[in-house]
Amino acid sequence: MSYENLLIEKENGTAVVTINRPKALNALNEATVRELDKMIDEIEADQDVAVLIITGSGQKSFVAGADIVEMKDKNAMEGRDWGILAQGVFNKLENMKKPVIAAVNGYALGGGNELQMACDIRIAADNAKFGQPEVTLGITPGFGGTQRLPRLVSKGMAKKLLFTGAMIDAAEAYRIGLVDELVPADHLMAAAKKMAVKIQSVAPLAVQLCKSAVNRGINMDLQSGIQYEDEVWGLCFSTNDQKEGMQAFVEKRKAEFSGK
Ligand code: CO8
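Quick summary incoming for the structure in this document. (Residues numbered from 1 in each chain as written. Predicted model: local features only at pLDDT ≥ 70, side-chain atom pairs only at ≥ 80, totals over all residues. Heavy atoms only, no water.)

1. Section: helix α8 (residues 188–200)
- Helix length check: α8, at 13 residues, gives a terminal C-alpha distance of 18 Å against a target of 18 Å (1.5 Å per residue), a fit within 8%.
- All of the buried residues along α8 are L188, A191, A192, M195, A196 and I199. Each buried residue of α8 sits inside an arc of 140° when the element is viewed along its axis, so together they form one side. Turned more than 90 degrees off the buried face of α8, the exposed positions are K194, V197 and K198.
- If you follow the buried residues of α8, they end up packed against β2 (14–19), β3 (51–56), β5 (100–104), β7 (121–125), β10 (181–183) and α9 (204–217). (Helix = DSSP H or I, 4+ residues; strand = E, 2+ residues; numbered from the N terminus. Expected span 1.5 Å × (residues − 1). Buried < 20%, exposed > 50% of the residue type's maximum accessible area, 1.4 Å probe, protein only. Arc of directions from axis to C-beta. Contact = heavy atoms within 4.5 Å.)

This is the structure in structure tokens:
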């Protein structure tokens, strides 16, 4: 498949997708969001890809938000449709079966922060910057920011970022739990790929089911989540990977998982 605003490299079971609109600091216009949608289908269907990494082109920006130039003249209905389109794509990304790592290489603002929050694991370069500056533009976040941010950091911290539109640096983002790993900028892709390799070394179906249990469970009350975990856990015992994983332990050898 061909893309105008995305670069896709696949190597050793990992796909690296780079959002590539350097003239606009990789801001998301509608065409790019539609390409992300297509890319998710492609990666999900590709038997040779186990883990997806999303990053931005260049050293300066991951994604500097939704494209302000493109959206500035929208009317209420057009604005709503734009939000619905991107929310659908971000939900789809969050619920992919395959694990998704955000490698945040610079500005992750507005829709950029919302994009990285829809990924499973976030690794930030030490020069990255985060924020939800929408209130400075007269709007609220529209790609899930008011919902995912308080689920990742404290409610008060989320409101602080949302109400002020202030930018925070990568160290602060790591301190408050907005990102999960902080690395020197020149090690970012190596760190993301290393994590992808580590994830690929364990049982793929178990990873997939962990993801489902966390994503579904977080929207349930605790007891319903625990029950869902019981079902997921039981399901593992129907897989070859469970037999192989435990047999390999008993035989003191490395497990060879088939993802079946
Ligand atoms: N949209 C369009 N173009 C952008 C964007 C953007 N979000 N960000 C940067 N650019 C462009 C600039 O216009 C500039 O273009 P040009 O060279 O043609 O003038 C180029 O990228 C370089 O940017 P700067 O010259 O501004 O670079 P600086 O280093 O001076 O500043 C910043 C970098 C701080 C990142 C600055 O560019 C900035 O503040 N950008 C906007 C950040 C922002 O406000 N993002 C949030 C956008 S709103 C959003 O994401 C809401 C999503 C939900 C919408 C819901 C609708 C329903």
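2. A look at the sheet that holds β10
- As summarised here, the arrangement of the six strands in space is β1-β2-β3-β5-β7-β10, forming an open sheet in which the pairing is mixed. Because the sheet does not close on itself, it has two edges, and the strands there are β1 (6–11) and β10. On average, each strand axis in the sheet is inclined to that of its neighbour by 20°, with strand direction left out of account.
- Examined bridge by bridge, β5 and β7 share four bridges and lie parallel to one another. (Pairing = 2+ DSSP bridges. Axes fitted to C-alpha atoms, helices over the stretch in contact; angles between N-to-C directions.)

3. Quick look at the sheet that holds strand β9 (residues 168–169)
- Within the open sheet, the four strands sit side by side as β4-β6-β8-β9. Their pairing is mixed. The strands lining the two open edges of the sheet, one partner per strand, are β4 (61–63) and β9.
- As judged from the two bridges shared by strand β8 (residues 129–131) and β9, these two strands associate in the antiparallel manner. Note on β9: the bridge partner recorded for K129 is D169.

4. Considerations on the site of the ligand
- Of all residues adjacent to the ligand, which total 25 residues, the nearest are K60, A64, A66, I68 and G111.
- The separation between a nitrogen atom of the ligand and a polar main-chain atom of I68 is 2.9 Å.
- Burial of the ligand by the surrounding chains reaches 64%, relative to a free accessible area of 1100 Å².
- Among the elements of the structure, α2 (68–71), α3 (76–94), β6 (107–109) and α4 (111–117) are those that each provide at least two residues to the shell around the ligand.
- At three residues, α3 tops the list of elements feeding residues into the shell around the ligand.
- Residues of the shell around the ligand, tallied by class, amount to 14 nonpolar, six polar and five charged. (Near = heavy atom within 4 Å. Polar contact = N/O pair within 3.5 Å; in protein donor to acceptor, adjacent residues only side chain to side chain. Areas by Shrake-Rupley, 256 points an atom, 1.4 Å probe, with all protein chains shown as cover. Nonpolar A, V, L, I, M, F, W, Y, C, P; charged D, E, K, R; others polar.)

5. Side note on the layout of surface pockets
- Roughly 690 Å³ of internal volume is contained in the largest pocket.
- Along the wall of the largest pocket there are 24 residues; nearest its centre are E94, M117, V214, N215 and I218.
- Residue assignment for the lining of the largest pocket shows that the elements contributing at least two residues are α3, β7, α5 (145–152) and α9.
- The element contributing the most residues to the lining of the largest pocket is α9, with five residues.
- Looking at the lining of the largest pocket residue by residue, the classes come out as 11 nonpolar, seven polar and six charged.
- Taken together, 23 residues form the lining of the second largest pocket, with Q47, V49, A50, K98 and P204 sitting closest to its centre.
- The set of elements that each furnish at least two residues to the lining of the second largest pocket consists of α1 (30–45), α8 and α9.
- Looking at the lining of the second largest pocket, the element that brings in the most residues is α9, giving four residues. (1 Å grid on protein atoms, 1.4 Å probe; cavity = no way out; pocket = protein on both sides within 12 Å on 5 of 7 lines; lining within 4 Å. Points joined across faces, edges and corners; volume = space filled by probe spheres on them.)

6. A closer look at the packing of α1 against α3
- In the contact formed by α1 and α3, the axes pass within 10 Å of each other and the chain directions differ by 25°. Considered as vectors, α1 and α3 are oriented roughly parallel to each other. Considering how the two elements wind past one another, α1 and α3 form a crossing that is left-handed. Within the contact between the two elements, α1 uses E30, V33, R34, L36, D37, I40 and D41 and α3 uses W82, L85, A86, V89, K92 and L93. (Parallel < 35°, antiparallel > 145°, perpendicular 65-115°, else oblique. Left-handed = near helix turned anticlockwise from the far one by under 90°.)

7. With respect to the nonpolar core
- The biggest cluster of nonpolar side chains holds 49 residues, and the ones touching the most others in it are M39, L52, I54, L93, F130 and L178.
- A103, I123, A191 and A196 belong to the second largest nonpolar core, which has 14 residues in total. (Core = buried A, V, L, I, M, F, W, Y, C linked by side-chain atoms within 4.5 Å.)

8. Description of unusual backbone geometry
- Despite not being glycine, L25 shows a phi value in the positive range, around 50°.
- Structurally, L25 can be placed in the loop between β2 and α1.
- Positive phi, close to 65°, is recorded for N26, a residue that is not glycine.
- The exposure class of N26 is buried, given its relative accessible area of 1%.

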